[in-house]
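Structure at a glance
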Amino acid sequence: MSAPRCPSCQAELAIADGAVGVQSASCFHCRTAFELETFPAQWRRVQAGRAGELVTGEEAACYVHTDRRAEAACDGCGRFMCALCEVRVGEQRLCVACLDGGRRAGRLVQVERSRTLFARVAVRVALFGLVLGPFAPAAGLSAIVLAIVGLTRPPSVTGRRYLGSAVFALLLGSVLTLGWLWWWMMMFGGSGEVVFTEYE
Amino acid sequence: MSDARSSPYTRLPARRFGVAQRATLWLGSDHILVVHETMTGESYRRFFLRDIRAITIRATRRRETTTTVLIVLALVNLLPLVALTSGDPDVRVFSLLAAGSLVWLALLTANLVRGPSCETRFSTPAHDDVVAPLSRIRSAHRVIAMLRPRILAAQAGDEPPVVSPATGDTAP
């Protein structure tokens, strides 16, 4: 349990214990004025973590800590866990290995910290392709591939799918690729010879 | 176009724009999600409702600074525009300068309309972080008014300790 801190200098503020609600405050150290709203959690005692009880007799033991009593089975791999190993993620009880694996694989949305949105990358690549000149088809093809990947990957954590971005990237990528192919054919293909013949 | 039909989040009316990035605020079942959108993806920061200890709002001078910068940029476009009107202007140059001026004036208007700027911090046992989308006092007050009942409901079991008026000691 500690007092709230000044948003400017991080010094501890002198407010009455148990105060909950909005108040105008001023830092005693740096004189910064600000609004402060405290909630009941400010005065909640932080509970100490549990280390797990020692195993006795015929009880099942933790997979990792073999001297500790198992308190639950991991929802991911089924291994027994002691109180120290158990991590609650939403409704799930997971061991550290499954938590880490799930986070890396992007299966645990609750602990995900960032996500690449391929549809947005595809739009940037397609727009960049507009100024790439002869390399535009490469950008166009890349944009198409990225847009398709974006459509198959999970959407944003917030639920947004960026379908518009993916469709736009697909269209622009196709225009870039086919446009340049058409120009290439006109210049160096059968039609191109006709054009050069006329000039000669 | 975005599809939010299956979204577990509700978007809150707060956002902040930066150069090639944007920050938005979302409300989940038991937490607040701050989303920083960049050129290639999103990064997330979660504040669980039952962990929020305090919220501070400190007024800043960012609005005034932004206003000054935008006025200078608008003038850089407007002054040659005025000079061009006296002679026989090139239509393309004239249009370019006029469009530039309009963009800066629109941004200037938006900056003034959004109201005074601020820095909002959410304090939890784990961290004390700036919540970028809550960068205007008016929107910060509006959003916090929406969040207050949910935070209090999530912390309903956390009664403040009873303080003895005589000794100042708190009951266990």
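Before any of the text, the structure's been laid out above.
**A look at the overall build of chain B**
A tally of helices and strands in chain B yields three helices and seven strands. From first element to last, N terminus to C terminus, chain B shows the α and β order β-β-β-β-β-α-α-β-β-α. Taken over 172 residues, chain B has a buried fraction of 38%. Pairs at least 24 apart in sequence give 50% of the contacts found in chain B among residues at least 6 apart. Accessible surface, chain B as shown: approximately 9,500 Å² in total, 64% of it carbon and sulfur.

**Some details on the nonpolar core**
Judged by nonpolar contacts, the single largest core of 21 residues is most densely connected at L25, I32, I52, F122, L134 and L147 of chain B. Once you skip the residues sitting within four places of it in the chain, I52 of chain B turns out to touch F39 and A41 of chain A together with I32, F47, F122, S123, T124, I151 and Q155 of chain B.

**Quick look at the sheet that holds strand β2 (residues 21–27) of chain B**
The five strands lie next to each other as β7(A)-β4(B)-β3(B)-β2(B)-β1(B), forming an open sheet whose pairing is antiparallel. Two strands close off the open sheet at either side, each with one partner strand: β7 (114–116) of chain A together with β1 (10–18) of chain B. Taking each pair of neighbouring strands and ignoring which way they run, the sheet shows an average axis angle of 20°. In this structure, strand β3 (residues 31–37) of chain B lies alongside strand β4 (residues 41–48) of chain B, joined through seven bridges in antiparallel fashion. In the sheet register, V35 of chain B faces β4 of chain B, and the bridge partner there is Y44 of chain B. Lying over the sheet, helix α3 (residues 137–154) of chain B contacts β1, β2 and β3 of chain B, oriented at roughly 150° with respect to β1 of chain B.

**Quick look at the packing of aromatic side chains**
What characterises a pair of aromatic rings is the spacing of the ring centres plus the angle enclosed by the ring planes. In the structure shown here, the tally under the stated rule is three aromatic pairs over all chains. Ring centres of W180 of chain A and W183 of chain A lie 5.3 Å apart, and the angle between their planes is 70°; on these two criteria the pair is classed as edge-to-face. Of this pair, W180 of chain A and W183 of chain A both sit in helix α4 (residues 163–188), separated by three residues, roughly a single helical turn. Under the relative-accessibility criterion, W183 of chain A is labelled partly exposed at 37%. Geometrically, the ring pair formed by F47 of chain B and F122 of chain B is edge-to-face, given 5.3 Å between the ring centres and 80° between the ring planes. In this pair, F47 of chain B is assigned in strand β4 and F122 of chain B in strand β6 (residues 118–123), connecting sequence segments 75 residues apart.

**Re the interface of chain A and chain B**
The interface is formed by 46 residues belonging to chain A together with 46 residues belonging to chain B. Carbon and sulfur atoms supply 52% of the area that chain A and chain B bury against each other, a total of about 3,800 Å² over both sides. Its largest share of buried area at the contact with chain B, chain A owes to F39, R44 and R160 of chain A, together 18% of the area lost on that side. Our enumeration of links across chain A and chain B arrives at five salt bridges. Note that R120 of chain A is salt-bridged to E37 of chain B, the shortest N-O span being 3.2 Å. Here chain A and chain B share 23 residue pairs in polar contact (both at pLDDT 80 or more) between them. Element by element, the count of residues in the side of chain A that touches chain B is highest for strand β2 (residues 33–38) of chain A, at six residues. Class assignment of the residues belonging to the side of chain A that touches chain B gives a composition of 19 nonpolar, 14 polar and 13 charged.

**A look at the sheet that holds strand β7 (residues 128–130) of chain B**
Read across the open sheet, the five strands follow the order β1(A)-β2(A)-β5(B)-β6(B)-β7(B); overall the sheet is antiparallel. Each of the sheet's edge strands pairs with one partner strand only, and the pair in question is β1 (21–26) of chain A together with β7 of chain B. Averaged over all pairs of adjacent strands, the angle between their axes in this sheet comes to 20°, without regard to strand direction. When β6 of chain B meets β7 of chain B, the two strands line up antiparallel, connected through three bridges. In the sheet register, R121 of chain B faces β7 of chain B, and the bridge partner there is V130 of chain B. Strands in contact with α3 of chain B are β1 and β2 of chain A together with β5 (54–59) and β6 of chain B; relative to β5 of chain B, the strand with the most contacts, it is inclined by about 170°.

Parameters at a glance
Within every chain, residues take consecutive numbers counted from 1 along the sequence as written. For this description, chains carry letters from A and ligands carry numbers from 1, given in the order in which they are written. Under the rules for a predicted model, residues below a pLDDT of 70 receive no local features and side-chain atom pairs below 80 are neither given nor counted, while totals for whole chains, interfaces and linings still include all residues. To get the side-chain values, all heavy atoms of the structure are used, and hydrogens and water are removed first. Counting from the N terminus, the helices are DSSP H or I runs at least four residues long and the strands are E runs at least two residues long. Exposure classes here rest on a 1.4 Å probe applied to the protein chains alone. A residue is buried below 20% of its type maximum, exposed above 50%, and partly exposed in between. Residues count as neighbours in contact if any of their non-hydrogen atoms are within 4.5 Å of one another. For accessible areas, the Shrake-Rupley method is used with a probe of radius 1.4 Å. Any residue's cover is judged against the shown protein chains and nothing else. In this text, buried Ala, Val, Leu, Ile, Met, Phe, Trp, Tyr and Cys residues form a nonpolar core when linked through side-chain atoms within 4.5 Å. Whether two strands pair depends on DSSP finding at least two bridges between them. Angles run from 0 to 180 degrees between N-to-C directions of axes, and those axes are lines fitted to C-alpha atoms, restricted for helices to the stretch in contact. The pairing test for Phe, Tyr and Trp rings, Trp by its six-membered ring, is centres within 6.5 Å, and the orientation test on the planes gives stacked under 30 degrees, edge-to-face over 60, and tilted for anything in between. Defined in terms of a 1.4 Å probe, buried area is the accessible area two parts forfeit on being brought together, summed over both. A side-chain nitrogen of Lys or Arg and a carboxyl oxygen of Asp or Glu constitute a salt bridge if their distance falls within 4 Å. A 3.5 Å cut-off defines polar contacts: any pair of N or O atoms within that distance qualifies, except that in protein one atom must be a possible hydrogen donor and the other a possible acceptor, and neighbouring residues in sequence count only when both atoms are side-chain atoms. Three residue categories are used. Nonpolar comprises Ala, Val, Leu, Ile, Met, Phe, Trp, Tyr, Cys and Pro, charged comprises Asp, Glu, Lys and Arg, and polar comprises the others, including Gly.

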